[in-house]
Amino acid sequence: MGELQRRWEAMAKSLSAFGAERGHVDVPRSHRTASGAPLGAWLHRQRTLAADGRLPPDRRERLNDLGVRWTVYAREAGIAAFAAFARQHEHGLVPHTFRTASGFPLGTWVQSRRKQWSADPDRALRLWPELVALGFVWEVRNAEHAWVAAIAALTRYRDGHGDVLVPQWFITEDGLHLGRWVDSRRVEYRSGVLTPSRVAQLEALGIVWKLRESADDPARQRREDAHFARMLDRVAAWSTQHNDRIPGVRVVDGDGVAIGRWLLRQRRLSQQRRLTQDRIAQLDAWHAAWSTGRGTMPGI
């Protein structure tokens, strides 16, 4: 086996590992593996070669077996999916790995539009007037857009929980690490670098700048326990409807709740020895294989 073939095989193996972890192989073009290999750019190259008829049949077959999609997603589907995301989440900062309930890889699609804009802003704006009208965020590092999105997420959290005491581990359904974001704002506040207008916004939402030394606030613990019970009920109900299968990370239930991501979170907490014995016992009572993921159903 020559060096070029070995490199191809190594990238195909990385693509297989990506699919095993994420449940799909729609790798964002900018994605690199943990070792720094440009997996996204490599996959884009394979698609280009395939479109030009220059990808060897055996390689195309290998990539087919891994679930590679060769065609570009429809314009109308992408616009509609983005519009729905923006309506639901009140911002357009779609995480790179985000997929709709129907399986459309909106995060990958959005990233492609931003790459078009980076290469030629004027042309991208001419090509995508619908996205312009929807307030599409072309530059993802725009700090003001990120702030607006986080405030919207924090407002929804308050409306749903009655306060903004967001647990450090909490991640929104669209992938925002809201708990970490709130903790970072507390650090900025203590350092005196948070602007008065932003301090006012957070205080209007009821932020607590200095938390108690103890994390055992009974009211907060009751809320977290109730949330755990509700989510486990959702997971169990979905499992019953799908022949006792375990939902994969991309699965959302009939109400659009990301039960697959929540279950993955519990599995990781257990591996890190951060999940209480009571919660482990509840999960064990639901499904003996929850901690290993055996019998996982990727979902759609």
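Thresholds applied
Residues numbered from 1 in each chain as written. Predicted model: local features only at pLDDT ≥ 70, side-chain atom pairs only at ≥ 80, totals over all residues. Heavy atoms only, no water. 1 Å grid on protein atoms, 1.4 Å probe; cavity = no way out; pocket = protein on both sides within 12 Å on 5 of 7 lines; lining within 4 Å. Points joined across faces, edges and corners; volume = space filled by probe spheres on them. Helix = DSSP H or I, 4+ residues; strand = E, 2+ residues; numbered from the N terminus. Nonpolar A, V, L, I, M, F, W, Y, C, P; charged D, E, K, R; others polar. Phe/Tyr/Trp six-rings, centres within 6.5 Å; stacked < 30°, edge-to-face > 60°. Buried < 20%, exposed > 50% of the residue type's maximum accessible area, 1.4 Å probe, protein only. Lys NZ or Arg CZ within 6 Å of the ring centre and 35° of its normal. Contact = heavy atoms within 4.5 Å. Axes fitted to C-alpha atoms, helices over the stretch in contact; angles between N-to-C directions. Parallel < 35°, antiparallel > 145°, perpendicular 65-115°, else oblique. Salt bridge = Lys/Arg side-chain N within 4 Å of Asp/Glu carboxyl O.

Undergrad: Tell me what's going on with empty space enclosed by the protein, and back it up with residues and numbers.
TA: Applying the stated criterion across every chain yields a total of one cavity of 30 Å³ or more. Taken as a whole, the largest cavity encloses approximately 100 Å³ of empty space. If you trace the largest cavity, you find eleven residues lining it, with Tyr157, His161, Pro167, Arg223 and Glu224 closest to the centre. Going through the elements one at a time, α8 (143-161) and α11 (218-241) are the ones with two or more residues in the lining of the largest cavity. With four residues, α11 is the largest single contributor of residues to the lining of the largest cavity. Considering only residue class, the lining of the largest cavity consists of five nonpolar, two polar and four charged.

Undergrad: Describe the packing of aromatic side chains, and please don't skip the residues or the numbers.
TA: All chains considered together, the criterion is met by ten aromatic pairs. An angle of 75° between the planes, with centres 5.0 Å apart, marks the rings of Phe85 and Phe98 as edge-to-face. Taken as a pair, Phe85 in helix α4 (residues 75-89) and Phe98 in the loop between α4 and α5 (106-119) lie far apart in primary sequence, 13 residues in all. Each member of the pair Phe85 and Phe98 is classed as buried. Within the aromatic cluster, the residues linked to one another by ring pairs are Phe82, Phe136 and Trp138. Above the face of the Trp109 ring, Arg113 is positioned so that its terminal group lies 4.9 Å from the ring centre. The ring of Trp147 is capped by Arg198, whose NZ or CZ atom sits 4.2 Å from the centre of that ring.

Undergrad: I'd like to hear about unusual backbone geometry, residue by residue, with values.
TA: Positive phi outside glycine occurs at Asn243, with the angle close to 55°. Its identity is not glycine, yet Arg273 carries a phi of approximately 60°, on the positive side. Topologically, Arg273 is positioned in the loop between α12 (259-271) and α13 (277-286). Residue classification places Arg273 among the exposed residues on the basis of a relative accessible area of 77%.

Undergrad: Which residues make up the side chain of Gln266, and what values go with them?
TA: Structurally, Gln266 can be placed in helix α12. Apart from the residues lying within four places of it in its own chain, the contact partners of Gln266 are Phe228, Leu275, Leu283 and Trp290.

Undergrad: Any chance you could break down the packing of helix α1 (residues 3-22) against helix α2 (residues 39-51) for me, citing the residues and the numbers?
TA: Close contact between α1 and α2 brings their axes to 10 Å; oriented N to C, the two are set at 110°. As the angle between them shows, α1 and α2 are arranged roughly perpendicular. Contact residues: Trp8, Met11, Ala12, Ser14, Leu15 and Phe18 in α1; Leu39, Trp42, Leu43 and Gln46 in α2. Its residues placed into classes, the contact of α1 with α2 shows eight nonpolar, two polar and no charged.

Undergrad: Any details on the pattern of salt bridges? Residues and values, ideally.
TA: The tally for this structure, following the rule as stated, stands at seven salt bridges. Residues Asp159 and Arg158 are paired through a salt bridge, measuring 3.1 Å at the closest nitrogen-oxygen approach. In this structure, Arg186 engages Asp183 in a salt bridge whose closest nitrogen and oxygen atoms are separated by 2.9 Å. You can see Arg186 and its partner Asp183 sitting in helix α9 (residues 178-191), three residues apart, about one turn around the helix. Each of Glu3, Arg6 and Arg7 takes part in salt bridges that share partners, so that together they form one network.

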